[in-house]
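Structural features, examined
Residue-level listing of the chains:
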Amino acid sequence: MKRIICLLIAFGLVFSFLASCVKGKSQEDNNESTGEETTNALNFKPVAELLPEFCELYCVPKIIDKERFERLIVSNVDNEADRDFLLAFYSLYAVKDWSYEDKTITFDSNIGDADHLVYILLPEINFKELQTLQDRVMDKYCPEYTHGDLAADWLCFGFTQEDVLERVVISSIGNTVVVKLEEDAAENSGSDDEHSLPGVVEGYEEYGVIEMSDEFLSVPLVPVMVTKERFESEFMSKITDENTLKRFLTFYTLYDISDPTLPPRVVDEIKESFPITEKYAIYYLDPNISNKEKSMLEETIKKFCPDYDHTDLALDSHICGYTQEDIINMQ
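In this text the structure is predicted, and so the values were computed from the model without any measurement.

**Observations concerning the pattern of salt bridges**
- Applying the stated rule across the entire model yields 16 salt bridges.
- E67 serves as the salt-bridge partner of R71, at 2.9 Å between the closest nitrogen and oxygen. On the criterion of helical spacing, the pair formed by R71 and E67 is a turn pair, its members being four residues apart in helix α2 (residues 66-73).
- Using a relative accessible area of 44% as the deciding quantity, one classes R71 as partly exposed.
- A salt bridge links R230 to D316, with the shortest nitrogen-to-oxygen separation between them at 2.6 Å. With a gap of 86 residues between them, R230 in helix α8 (residues 228-236) and D316 in helix α12 (residues 310-319) connect regions that are remote in the sequence.
- Take D316: its relative accessible area is 1%, and that puts it in the buried class.
- It is possible to trace a salt-bridge network through shared partners that takes in R230, E234, K238, D312 and D316.

**What about the nonpolar core?**
- Counting residues in hydrophobic clusters, the biggest one holds 79 residues, and the most contacted among them are L86, F107, L133, W154, V179 and Y252.
- Residue contributions to this core peak at five residues, all from helix α4 (residues 127-141).
- Non-local contacts of L86, meaning those with residues more than four positions away in its chain, are made with F69, I73, V74, V77, L133 and V137.

**Here's the deal with the packing of aromatic side chains**
- Here the structure, examined in full by the defined rule, presents 15 aromatic pairs.
- Plain terms: the ring middles of W98 and F157 are 6.0 Å apart, the flat faces sit at 25° to each other, and that makes the pair stacked. Of this pair, W98 sits in strand β2 (residues 90-99) while F157 sits in the loop between α5 (147-155) and α6 (161-167), and the two are 59 residues apart along the sequence.
- For F157, a relative accessible area of 3% gives the class buried.
- Both rings, one in F248 and one in Y252, keep their centres 5.6 Å apart while their planes meet at 25°; by these two values the pair is stacked.
- Classification of F248 by relative accessible area gives buried; the value is 1%.

**Re the environment of A152**
- On the secondary structure map, A152 appears in helix α5.
- You can call A152 buried: its relative accessible area is 4%.

**Section: the side chain of D149**
- Looking at the element boundaries, D149 is found in helix α5.
- At 4.5 Å, R68 is the nearest oppositely charged side chain to D149, a buried residue that forms no salt bridge.
- Within the structure, the side chain of D149 is placed 2.7 Å from the backbone nitrogen of T146, a separation counted as a polar contact.

**Here's the deal with the side chain of K294**
- Residue position: K294 is located in helix α11 (residues 291-304).
- One buried charged residue, K294, forms no salt bridge at all, with the nearest opposite charge on E298 at 9.3 Å.
- Not counting residues up to four positions away in its chain, the partners in contact with K294 are P220, V222, I289, M330 and Q331.

**Digging into the packing of helix α9 (residues 242-249) against α11**
- One can describe the packing of α9 onto α11 by two numbers: an axis separation of 11 Å at closest approach and a directional angle of 135°. If you check the angle between α9 and α11, you find them oblique. Here α9 runs over α11; the crossing is left-handed. Taking contact as the criterion, the partners of T244, R247 and F248 in α9 are, on α11, E293, M296, L297, T300, I301 and F304.
- Across the contact of α9 with α11, the residue classes tally to five nonpolar, two polar and two charged.

**Here we look at a nonpolar patch on the surface**
- On the surface, V95, W98 and Y100 cluster together into a nonpolar patch covering about 300 Å² of accessible area.
- Of note, V95 is situated in strand β2.

**Describing α11**
- When the terminal C-alpha atoms of α11 are compared, their 20 Å separation across 14 residues agrees well with the 20 Å that a helix rising 1.5 Å per residue should span.
- Among all positions in α11, only K294, L297, E298, T300, I301 and F304 are buried. Seen from one end, α11 has its buried residues packed into an arc of 160°, which puts them on one side. Of the exposed residues in α11, the ones pointing more than 90 degrees away from its buried face are N291, K292, E299, K302 and K303.

Scoring rules and cut-offs
Residues numbered from 1 in each chain as written. Predicted model: local features only at pLDDT ≥ 70, side-chain atom pairs only at ≥ 80, totals over all residues. Heavy atoms only, no water. Salt bridge = Lys/Arg side-chain N within 4 Å of Asp/Glu carboxyl O. Helix = DSSP H or I, 4+ residues; strand = E, 2+ residues; numbered from the N terminus. Buried < 20%, exposed > 50% of the residue type's maximum accessible area, 1.4 Å probe, protein only. Core = buried A, V, L, I, M, F, W, Y, C linked by side-chain atoms within 4.5 Å. Contact = heavy atoms within 4.5 Å. Phe/Tyr/Trp six-rings, centres within 6.5 Å; stacked < 30°, edge-to-face > 60°. Lys, Arg positive; Asp, Glu negative; His and termini not counted. Polar contact = N/O pair within 3.5 Å; in protein donor to acceptor, adjacent residues only side chain to side chain. Axes fitted to C-alpha atoms, helices over the stretch in contact; angles between N-to-C directions. Parallel < 35°, antiparallel > 145°, perpendicular 65-115°, else oblique. Left-handed = near helix turned anticlockwise from the far one by under 90°. Nonpolar A, V, L, I, M, F, W, Y, C, P; charged D, E, K, R; others polar. Patch = residues over 30% accessible without salt bridge, like charges linked within 9 Å, V, L, I, M, F, W, Y side chains within 5 Å. Areas by Shrake-Rupley, 256 points an atom, 1.4 Å probe, with all protein chains shown as cover. Expected span 1.5 Å × (residues − 1). Arc of directions from axis to C-beta.

What follows is the structure, given as structure tokens:
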């Protein structure tokens, strides 16, 4: 009787093994017919050949497929506070328009029932926050996410390592985010003859002055980005109260790629996020500033820098590549 039972068990095991082999072969054939990879559950392979310069960048994805982001990164962050910190810097978008030839992709935050969703890192993230993301999240929870994965995520959207190193710019206007390759952004950021008028600030004759709309004239008199030279001459040299100046400076971050203390990867990240820094060192306003704090800055400017007006604001914005519409939408 025991021998019969053993034989039945043995036959059952053999049958189960054969069934699983048939099922596995069927699944493999199906994957081949649909073009899917069978060597990786995520249907992608990390890029094997990496450029040394690319490996110096922060290993923090700036654009990544929703499913990959949730599986490779979010699911590994088991601390709720750290997970909330991570998600605070990403927004979910749907592909709106894609020009592969021009390497320009437009995304919309109105995702509706879109099939392909992606997470995009906030364009206004500063480098202290980027470094914290690297240390607090990626290095701690996602050590298996490599620069090979980072390169693959860029490549999914048509951008090579060379593109990323050359200059892939992510800009946000309202509900739309545009990711594009801009080869000459630094050189072209200031010239727009169609909107130029006579009358310029000394030293910036090449830019002219943008004709201002009524809506632009109503925005707070606080520059989002301004060259280091203008920031020092227009504000730092005129705010004579030491405590007021210290308070004013806490809301701006200096990005100067000529600083010899900056590591190469930080310089590359600065140039990638702020192409204008290849031409000018700039001060950038804290993107998380509150309306109350912005009003405080405006009062300081009006008190200590009475000659600074919306003409100057328009010029400073224009030099750094922002349009009036950009500034209006940032309010």
